[in-house]
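An overview of the molecular structure
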Amino acid sequence: MAGIYLHIPFCRQACNYCNFHFATSLRYKDEVTGAIATEAVREKDYVAGEPINTIYFGGGTPSLLEQGDLSLLMGALRSHYPVSPEAEITLEANPDDITTGKLLEWKDLGINRLSIGIQSFFEEELRWMNRAHNARQAQECIELSLKHGFTNFSIDLIYGSPLLTDEGWRKNVETATGYGIPHLSCYALTVEERTPLHKLVNTEKKTNVDQDKQARQFLLLMEWLRQAGYEHYEVSNFAKPGFRSRHNSSYWRGEKYLGLGPSAHSYNGVERRWNIANNNIYVRSIAEGQPQREAEILTPAQQMNEYIMISLRTMEGLNLDLLEQKWGAAQRKRVERDLANFINSKLVTANGPYARITDQGMLMADGIAAELFQ
């Protein structure tokens, strides 16, 4: 099985914390969409004809696209790839784009899962983040999606912003669980370099994040969602049983995927590559038949390190039997030795061949993984 990711590089306005590739002008939307469709046709052999189990429209803001744009892209995929009849097809959407008309169009196109960028149910926080929607739309879009049969969907929430108290965070989480939303992706607010927020913090026009508060709110989140019946199946992702993101889970299992569009990444088991993050150069290079991208062939050590990093972020954990099978007994012994300190510190638990990160360990998951790298 394989997946396809399509990067739609347009947004209505720039959220001040975002460092993904996007443009706020739709002037070249048709050209970019056409180039993505062309790239889809040309790259059909990248995943070697494997059945396509997931399709994911990310961005940017894919919900800005019109039905004709999405129809063009879905047509290219269905015509040139063996898309499974049961494929999970996800579209990222902003609350202010969700209308009855669009929901019906999306269902007609076969989109069966939404990922909605709520971020917060509080007006002042949404303004602070420079989000395009308001608090009323944050709840109305959920109610509208449920009304029109989208029972498999996810929402994003952000914790740890300077305005968010622990009580406010509890209300955000309770609002989400009160709707019975089956999947939540929850992220700590990060001040990324080269973002408007980074500049505003550096010039003291906005308050920087409090890492102790972020850690506390993450620990509270894990406890609240555990009590509400959600599986904490990846560091930032929580799902009711049967509602994990199949697309993102395939990344964490190291399965093949094809990325289409400017800045999109691809992986075929050996090579990792990524398209140029420039809309105009991307369109021109596709038109000239010479796509602008970079690539690297992963060494065995890089493949093992990626497995360690990804597996430790998941509910299943690091499988030492699998590590030994792929990279040898010596590597297993080395990793077991390095894990011992984390187990003694109660940041990791060991159960048979599996090493899993504890709640406290989740606060430093990537750092723990880095200590285990070859």
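Preceding block: the structure.
Reference entry: report on the structure contained in this document. (Residues numbered from 1 in each chain as written. Predicted model: local features only at pLDDT ≥ 70, side-chain atom pairs only at ≥ 80, totals over all residues. Heavy atoms only, no water.)

**A closer look at the sheet that holds strand β15 (residues 354-357)**
Strand pairing within a sheet occurs via backbone hydrogen bonds; the two strands may be parallel or antiparallel. For the record, the criterion: The criterion for strand pairing is that DSSP finds at least two bridges linking the strands in question. Secondary structure counts use DSSP, requiring at least four H or I residues in a row for a helix and at least two E residues in a row for a strand, with both numbered from the N terminus.
One open sheet accounts for 3 strands, arranged β13-β15-β14; its pairing is antiparallel. The two strands at the open ends of the sheet, each matched to only one other strand, are β13 (318-319) and β14 (348-351). The pairing of β14 with β15 spans 4 bridges and is antiparallel. Of the residues in β15, the one forming a bridge with T349 is R356.

**Thoughts on the environment of H232**
The cut-off we apply is this: A contact between two residues is defined here by any heavy atoms of the two lying within 4.5 Å. Nitrogen and oxygen atoms within 3.5 Å of one another constitute a polar contact, given that in protein one can donate a hydrogen and the other can accept it, and given that sequence-neighbouring residues count only through two side-chain atoms.
By the secondary structure assignment, H232 is in strand β7 (residues 231-234). As for H232 and I52, which are separated by 180 residues in sequence, their C-alpha atoms are 26 Å apart. The residues touching H232, leaving out its near neighbours within four places in the chain, are F218, M222, N237, F238, M315 and M362. A polar contact is formed between the side chain of H232 and the backbone oxygen of E234, at a distance of 3.1 Å. For H232, the side chain forms a polar contact with the main-chain oxygen of V235, separated by 2.7 Å.

**Overview of the packing of aromatic side chains**
Just so we agree on the cut-off: Centres within 6.5 Å are what make two rings of Phe, Tyr or Trp a pair, Trp counting through its six-membered ring; a difference in plane orientation under 30 degrees is then read as stacked, over 60 as edge-to-face, and the rest as tilted. Ring-over charges, as used throughout, are those where CZ of Arg or NZ of Lys falls within 6 Å of the ring centre and within 35 degrees of the ring normal.
Applying the stated rule across the entire model yields 7 aromatic pairs. Consider the rings of Y159 and F218, whose centres lie 5.8 Å apart with planes at 0 degrees: the pair is stacked. You can see Y159 sitting in strand β5 (residues 153-159) and its partner F218 sitting in helix α8 (residues 211-227), a full 59 residues away along the chain. Taken together through their ring pairs, the aromatic side chains of Y159, W169 and F218 make up a single cluster. For the cation-ring pair, K107 lies above F150, with the distance from its terminal atom to the ring centre recorded as 5.9 Å.

**Comments concerning the nonpolar core**
Test applied: Side-chain atoms within 4.5 Å are what join buried Ala, Val, Leu, Ile, Met, Phe, Trp, Tyr and Cys residues into a set we call a nonpolar core. The buried label applies to any residue whose accessible area, calculated with a 1.4 Å probe on protein chains only, is under 20% of its type's maximum; exposed applies above 50%, and partly exposed to all values in between.
The biggest cluster of nonpolar side chains holds 84 residues, and the ones touching the most others in it are F57, W106, I155 and L318. With 9 residues, the next largest nonpolar core counts W128, L197, V201 and V209 among its residues.

**Overview of unusual backbone geometry**
A negative phi holds for most residues other than glycine; trans holds for most peptide bonds. The linkage connecting G59 with the following residue, G60, adopts the cis geometry, with an omega of 20 degrees. Position of G60 among the secondary structure elements: in the loop between β2 (52-59) and α2 (67-80). Phi angles above zero are rare outside glycine, and Q119 is one such case at about 70 degrees. Its place among the elements puts Q119 in strand β4 (residues 113-119). For S263, which is not a glycine, the phi torsion comes out positive at approximately 80 degrees.

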